[in-house]
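Each chain, written out:
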Amino acid sequence: MPVFAGSELTCLRGDRLVFTGLDFRIGPGEALVLLGPNGSGKSSLLRVMAGLLKPFRGQLSWDGVPVPDDPDGHRAKIHYVGHLDAVKPVLSAVENLTFWANLGGAPDPRASALAALDRLGVPHIANVPGRYLSAGQKRRLNLARIIAAPATLWLLDEPTVALDRAAIALFEGMIAEHRAAGGMVALSTHTDIATPGARDLHLDDFTPYHDEHDEDDMHEEDAA
Amino acid sequence: MTRFLRLVARDLRLALRQGSDATIAVMFFVLCVVLFPFGVGPEPNILARIAAGVIWVAALLASLLSLERLFQNDYEDGSLELLSLSTLPMEAVVLAKTLAHWLVTGVPLIVAAPLLAVLLNMDAEGFGVLVLTLSVGTPILSLIGSIGAALTLGARRGGVLLSLLILPLYIPVLIFGAGAIDAALNGLTPRPHLLLLGGLLAGALPLAPWAGAAALRQALE
């Protein structure tokens, strides 16, 4: 069974060090919850995991094989949910979803798209154009995307933004199901998402200056 | 390959439903050419003399018009990010979007061009070559333009910057495109010009998606 791991990761944004010396490991059925205040690098870490951002130092690997050696294999294994919902205003919900399912390699994209909308509790929006969807519906559509085509690892950046309670419950069920089938999840959140048995990763542990004293040191170094 | 075609189909569907890009490009093209008889006067010989150049310059400007949004919408709504994470290589994404752009904005120009040639009193001998040069030339315009669109992604006033970046690169296409028509009208063979245009297309076809993909990756970081 696959294991996704990162070792000694350092992330640099501009000339600001976001985190350094970060290690993580996600095995089959495991979930990693990223915690930390705003700006602690949760989104950056998820983008690094997805391959959208190159780590300044350190490496990601699947079963010990570095991701840069097999970038296509990595992309085939992940689903990423970012802050944007990627919903086209002039396409209907099911057309939006079918396109992504197709690209993700689902055998019957339209059927999986409809099933995914059903799973997220919004079968009635299937033929509604994207521009008429509410923020919550767009978010459900985006989450439907990750079950419309299969992938091992879900990278979810604040997935429950704009969702109502009912949707969060459905979403928790989705995660549990995915993990039960051997899938992996890494997610960042500010609200409580029930992920029993998940491991927490506190990002401020890896931030080089998380209190005022350290920050002063940094400025002194800069000045020198 | 099927995923490549899916992306082309999606972009075509988006363009057709929004409807503005295709019609704006071709309307701009027509209006731009129609302005010339008003500006230089209705003297048939002068119009016939400048017809090839005018139509080609108008085609350049018309194709530039919609290039700014080639990647902009996908970038802003997060689709580009997801496309870059799909198993479709970024080069294929650029090529697919460029192909869709050409089908939506380039092909209508080719169709409209002979009508404008009649308007400008161009000799009928030039029509075939005019259509031929535009058929080879407009894909080059879209390809070169895709590099500019990728480079200016996320920049403020990207459209203006794009024009400044891309218009100088359009000059060779303009020279050989208009040159081929002039040659045909003067009883010479347009073949050398057409071959050079073909060479430009053969060069741009692999190079532009490659450069565009590199620029997009940079924009997404």
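Residues numbered from 1 in each chain as written. Chains lettered and ligands numbered in written order. Predicted model: local features only at pLDDT ≥ 70, side-chain atom pairs only at ≥ 80, totals over all residues.

## Things to note about the environment of B:Arg191
All names here are of chain B.
So, point 1. Examined against the element boundaries, Arg191 turns out to sit in helix 9 (residues 191-220).
So, point 2. According to the C-beta neighbour criterion, Arg191 is exposed, with 12 such atoms within 10 Å.
So, point 3. Remark: the alpha-carbon pair of Arg191 and Leu205, spanning 14 residues in sequence, is separated by 21 Å. (Helix = DSSP H or I, 4+ residues; strand = E, 2+ residues; numbered from the N terminus. Buried ≥ 20, exposed ≤ 12 C-beta atoms within 10 Å, placed from the backbone.)

## Points about the interface of chain B and chain A
So, point 1. Counting residues at the interface gives 18 residues for chain B and 19 residues for chain A.
So, point 2. Elements represented by at least two residues in the side of chain B that touches chain A include exactly helix 1 (2-18) and helix 5 (79-85) of chain B.
So, point 3. At six residues, helix 1 of chain B tops the list of elements feeding residues into the side of chain B that touches chain A.
So, point 4. Partitioned by chemical class, the residues of the side of chain B that touches chain A number five nonpolar, six polar and seven charged. (Contact = placed C-beta atoms within 7 Å. Nonpolar A, V, L, I, M, F, W, Y, C, P; charged D, E, K, R; others polar.)

## Structural notes on the sheet that holds strand 8 (residues 184-188) of chain A
The pairing of strands in a sheet comes from backbone hydrogen bonds and takes either a parallel or an antiparallel form.
Residues and elements named next belong to chain A.
So, point 1. Spatially, the five strands line up as an open sheet ordered 6-7-8-3-9, and their pairing is parallel. Only two strands of the sheet have a single partner each, and these edge strands are strand 6 (78-81) and strand 9 (199-202). Adjacent strand axes in the sheet meet at a mean angle of 15° when their direction is disregarded.
So, point 2. In terms of strand pairing, strand 3 (residues 31-35) meets strand 8 through four bridges, oriented parallel. When the bridges of strand 8 are listed, Ala31 appears paired with Val185.
So, point 3. Each of strand 3, strand 7 (153-157) and strand 8 is contacted by helix 6 (residues 165-180), which is oriented at about 145° to strand 8, the strand it contacts most. (Pairing = 2+ DSSP bridges. Axes fitted to C-alpha atoms, helices over the stretch in contact; angles between N-to-C directions.)

## A look at helix 5 (residues 135-148) of chain A
Residue and element names in this part refer to chain A.
So, point 1. For helix 5, which comprises 14 residues, the first-to-last C-alpha distance of 20 Å matches the rise-based estimate of 20 Å (1.5 Å per residue) to within 8%.
So, point 2. The buried count for helix 5 comes to 12 of 14 residues, which makes it a mostly enclosed element.
So, point 3. Buried residues of helix 5: Gln137, Lys138, Arg139, Arg140, Leu141, Asn142, Leu143, Ala144, Arg145, Ile146, Ile147 and Ala148, and no others.
So, point 4. Looking at the buried residues of helix 5, the elements they touch are strand 6, helix 3 (93-103), helix 4 (109-119), strand 7 and helix 6. (Expected span 1.5 Å × (residues − 1).)

## Topic: the pairing of strand 7 of chain A
All names here are of chain A.
So, point 1. Counting buried positions along strand 7 yields five of five residues, so the element is predominantly enclosed.
So, point 2. Both faces of strand 7 are covered, namely the face carrying Leu153, Leu155 and Asp157 and the face carrying Trp154 and Leu156.
So, point 3. Sheet topology note: the strand 6/strand 7 ladder contains four bridges and is parallel. By the bridge assignment for strand 7, Tyr80 is matched with Leu155.
So, point 4. Relative to strand 8, strand 7 runs parallel, the two sharing five bridges. Counted as the bridge partner of Leu153 is Met184 from strand 8.
So, point 5. As for the winding sense of the linkage, the β-α-β connection from strand 7 through helix 6 to strand 8 is right-handed. (Right-handed = clockwise from strand over helix to strand, strands pointing away.)

## Quick word on the confidence of the model for chain B
So, point 1. For chain B, the average pLDDT comes to 91, and 100% of its residues sit at 70 or higher.
So, point 2. In the model output, the complex is listed with pTM 0.89 alongside ipTM 0.85. (pLDDT = per-residue confidence, 0-100.)

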